[in-house]
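# Summary of structural features
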Amino acid sequence: MSARKIIEIDEELCTGCGDCVPNCAEGAIQIVDGKARLVADKYCDGLGACLGHCPEGALRVIERDAEEFDEKAVEALLKKQGRPPLSHGTAETGMSGPAAACPSARLQSFGGGPLTPCDEANVPRSGATGSSLTQWPVQITLVPPAAPFLKDADVLIAADCTPFAYADFHEDFIAGRKLLVGCPKLDDQQFYVKKFAEIFRDSGMKSLTIAVMEVPCCQMLPRMVEAAMKEAGKDIPVTVKVIGIKGELKA
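An account of the accompanying structure is given in this report.

What counts and how
Residues numbered from 1 in each chain as written. Predicted model: local features only at pLDDT ≥ 70, side-chain atom pairs only at ≥ 80, totals over all residues. Heavy atoms only, no water. Pairing = 2+ DSSP bridges. Helix = DSSP H or I, 4+ residues; strand = E, 2+ residues; numbered from the N terminus. Axes fitted to C-alpha atoms, helices over the stretch in contact; angles between N-to-C directions. Contact = heavy atoms within 4.5 Å. Phe/Tyr/Trp six-rings, centres within 6.5 Å; stacked < 30°, edge-to-face > 60°. Buried < 20%, exposed > 50% of the residue type's maximum accessible area, 1.4 Å probe, protein only. Salt bridge = Lys/Arg side-chain N within 4 Å of Asp/Glu carboxyl O. Core = buried A, V, L, I, M, F, W, Y, C linked by side-chain atoms within 4.5 Å.

## Let's talk about the sheet that holds strand β7 (residues 154-159)
Strand order in the open sheet made by the 4 strands is β8-β7-β9-β10, with parallel pairing throughout. In this open sheet, the two edge strands, each paired with only one partner strand, are β8 (178-182) and β10 (238-243). Here the strands of the sheet are splayed against their neighbours by 20° on average, with no regard to which way each runs. With respect to the sheet, helix α7 (residues 220-232) is in contact with β7, β9 (207-213) and β10, its orientation differing from that of β9 by roughly 150°.

## Describing the environment of V212
Its place among the elements puts V212 in strand β9. Along the backbone, V212 and A159 are 53 residues apart, and their C-alpha atoms lie at a distance of 5.2 Å. Dropping the residues within four chain positions of it, V212 is found in contact with A159, T162, C218, Q219, L221, P222, V240, K241, V242 and I243.

## Digging into the environment of V74
With respect to the element layout, V74 can be found in helix α1 (residues 71-81). Through-space distance from the C-alpha of V74 to that of A25 is 9.3 Å; in sequence the pair is 49 residues apart. Not counting chain neighbours up to four residues away, the residues in contact with V74 comprise E26, K42, Y43, F69 and L86.

## Overview of the packing of aromatic side chains
Throughout the structure, instances matching the rule amount to 5 aromatic pairs. Taking 6.3 Å as the distance between ring centres and 50° as the angle between the ring planes, the aromatic pair formed by F191 and Y192 counts as tilted. On the accessibility criterion, F191 (13% relative accessible area) is buried. The class for Y192 is buried, based on a relative accessible area of 1%. Measuring from centroid to centroid gives 6.2 Å for F196 and F200, while their planes differ by 20°, and the two rings are stacked. You can see F196 and its partner F200 sitting in helix α6 (residues 189-203), 4 residues apart, about one turn around the helix. Residue class for F196 comes out buried when judged on its relative accessible area of 0%. Among the residues examined, F200 registers a relative accessible area of 1% and is labelled buried. Within the aromatic cluster, the residues linked to one another by ring pairs are F191, Y192, F196 and F200.

## Some words on the pattern of salt bridges
As enumerated under the stated definition, the model contains 7 salt bridges in all. D202 is the salt-bridge partner of K5, the closest N and O atoms lying 3.9 Å from each other. Here K5 is found in strand β1 (residues 2-9), whereas its partner D202 is found in helix α6, with 197 residues between them in sequence. You can call D202 buried: its relative accessible area is 17%. Here K250 ties to E248 by a salt bridge, and the two come within 3.3 Å at their closest N and O atoms. A residue is classified by how much of its surface remains accessible, and K250, at 47% relative accessible area, is partly exposed. In this structure E248 comes out as partly exposed when scored by relative accessible area, which is 31%. Linked through salt bridges whose partners overlap, the residues forming this network are K5, E63 and D202.

## A short note on the nonpolar core
In terms of nonpolar packing, the biggest core is built from 43 residues, with I157, F196, F200 and L208 touching the most fellow members. Mapped onto this core, the elements with two or more residues apiece are β7, α5 (169-174), β8, α6, β9, α7 and β10. At 7 residues, α6 tops the list of elements feeding residues into this core. If sequence neighbours within four positions are ignored, I157 has contacts with I140, L180, F196, L208, T209, I210, A211, L221 and V225.

## Points about the pairing of strand β3 (residues 35-38)
Here 4 bridges tie strand β2 (residues 29-32) to β3, and the two strands are oriented antiparallel to one another. Pairing of Q30 across the sheet is with R37, part of β3. The loop that links β2 with its antiparallel partner β3 comprises 2 residues; one of these, D33, has a positive phi angle of about 55°.

## Comments concerning the side chain of S207
Of note, S207 is situated in strand β9. Every residue in contact with S207, bar those within four places of it in the chain, is listed here: A153, D154, V155, I236 and P237.

Purely geometric stuff here, so don't read any function into it on its own.
Shown next as structure tokens:
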């Protein structure tokens, strides 16, 4: 037994809704006596891909002494539960479990850059330089706080309207950064604060850029980040960029 990252469930926040159960690819979480509980430490790999599926924010990744993750034991558990076996990640990510269980939540790192001649043939507009995106997923709710691609990274948190308004978003904003995207108006703001705080604590990110629209609701995003920094006890350099609804860079 040694210190490692593992899921912790806040029983006071947990309502027993069960949303986390099918989203734990290892079957490590079950509803017991009306609450979500970790079946055993050895079934949890500590990646945290289940975090975005709790509507109450009752799940978080902590570091404590725990039994080592046992993939063979997980396979036996999944077979007993009648669930499909674990999918395995790519050689580039070296991940398995929840990282590879669902295409929307599977963690991936890859290279951005110019389009190849073959790619260019499929681009219907002139002047395209290719995608600068180097990781997946990008939705705030789907990115685990302990995602490897966030470690020591320059990170961009973008309101989800910004890429549509600003024509050179990839080149001017995504290039050289890891992307997190969401809507500060329509998404759960309290969840965002908790999620950001966990990311700030775990990632050791170097810098943070926040891209928002000029509309009032977007101004909540920098405030959420500020609250999360305070909760996490971190002081990460932050730059805020404001984009006008006509696509111009305001600040």
